[in-house]
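Residues per chain are reported as follows:
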Amino acid sequence: MITPADIENKEFSKAKKGYNEEEVDEFLDLVILDMEKLIRENRQLKEELGKVHVQVDKHMSTETSVYETLEAAKSLMNDIAASAERRAEILLKNAELEADLITREAKESISRYTEEGSRLKDRVETLRSRYRKMLEAELERLDFDGSDFLADFEKDFLPASMTETDGTAYAAELETEPAKQPVDLTKTMVNIR
């Protein structure tokens, strides 16, 4: 490549009918100035181009890094989603197992309480039956001993003025009060049953 110094130092041979030396020198001076300017601009553009290449490389590297980060994020999101699905499945299974356990325990409790209720019902029926038999036996005893019991009762508790010979009692009020209906003590005792 020709430099401005090459142009400035170039010596031309003289010919008979040649160009005007001063015009050629002036023109060459202009060419030198323009060439120096172009060289400076070229150097400047090369520096800027180098900086742009560095920035492009940096951006390419950043873009690659961003792309790799995005890919890693996608992969991580897929892993998280899969993990969340597995966890949800496990939680659902645990809930189902717990529900089955609660249901089984409830059924066992119902069965146990039903059996206990049946036993208690049988015991109540047994007690009721025994109590009924005891009361019937006592009533039979009272029916059997009733006449003796009433006679003893009349002797012990009724004053002599209130008893009649037929086993009925009248009011011990004076004759001014109207007479009351006779009360049959044997019927009263039977009604107690």
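The shown structure was predicted, so the numbers you read here are calculated from the model rather than taken from an experiment.

Let us now look at the overall build of the protein. Within the protein, the regular secondary structure consists of three helices and two strands. Starting at the N terminus and ending at the C terminus, the protein contains elements arranged as α-α-β-β-α. Looking at the protein as a whole, 5% of its 193 residues are labelled buried. Expressed as a percentage of contacts within the protein between residues at least 6 apart in sequence, the contacts between residues at least 24 apart total 55%. Looking at the protein as shown, the accessible area adds up to about 17900 Å², and 57% of this sits on carbon and sulfur atoms.

Right, let's get into a negative patch on the surface. Together, E8, E11, E22, E23, D25, E26, D29 and E36 line one region of the surface with negative charge. Among the elements that line the negative patch, the one with the most residues is helix α2 (residues 21-157), at six residues. Position of E23 relative to the elements: it lies in helix α2.

Here the focus is the confidence of the model for the protein. The predicted model of the protein has a mean per-residue pLDDT of 79, with 75% of residues at 70 or higher. Across residues 187-193, confidence stays below pLDDT 50; counting only partners more than four residues off in sequence or on other chains, it has six contacts.

What the rule picks out here adds up to zero aromatic pairs. Directly above the aromatic system of Y113 lies the positively charged group of R112, at a separation of 5.8 Å from the ring centroid.

Two side chains of opposite charge can pair, provided their charged atoms sit close to one another. The final tally for this structure, using the stated rule, is three salt bridges. When the shortest N-O distance is used, the salt bridge between R141 and E138 registers 2.3 Å. Residue R141 and its partner E138 are both found in helix α2; the two are separated by three residues, about one turn of the helix. For E138, a relative accessible area of 34% gives the class partly exposed.

Rules of the game
- Residues numbered from 1 in each chain as written.
- Predicted model: local features only at pLDDT ≥ 70, side-chain atom pairs only at ≥ 80, totals over all residues.
- Heavy atoms only, no water.
- Helix = DSSP H or I, 4+ residues; strand = E, 2+ residues; numbered from the N terminus.
- Buried < 20%, exposed > 50% of the residue type's maximum accessible area, 1.4 Å probe, protein only.
- Contact = heavy atoms within 4.5 Å.
- Areas by Shrake-Rupley, 256 points an atom, 1.4 Å probe, with all protein chains shown as cover.
- Patch = residues over 30% accessible without salt bridge, like charges linked within 9 Å, V, L, I, M, F, W, Y side chains within 5 Å.
- Salt bridge = Lys/Arg side-chain N within 4 Å of Asp/Glu carboxyl O.
- Lys, Arg positive; Asp, Glu negative; His and termini not counted.
- Charge placed at Lys NZ, Arg CZ, Asp CG, Glu CD.
- pLDDT = per-residue confidence, 0-100.
- Phe/Tyr/Trp six-rings, centres within 6.5 Å; stacked < 30°, edge-to-face > 60°.
- Lys NZ or Arg CZ within 6 Å of the ring centre and 35° of its normal.

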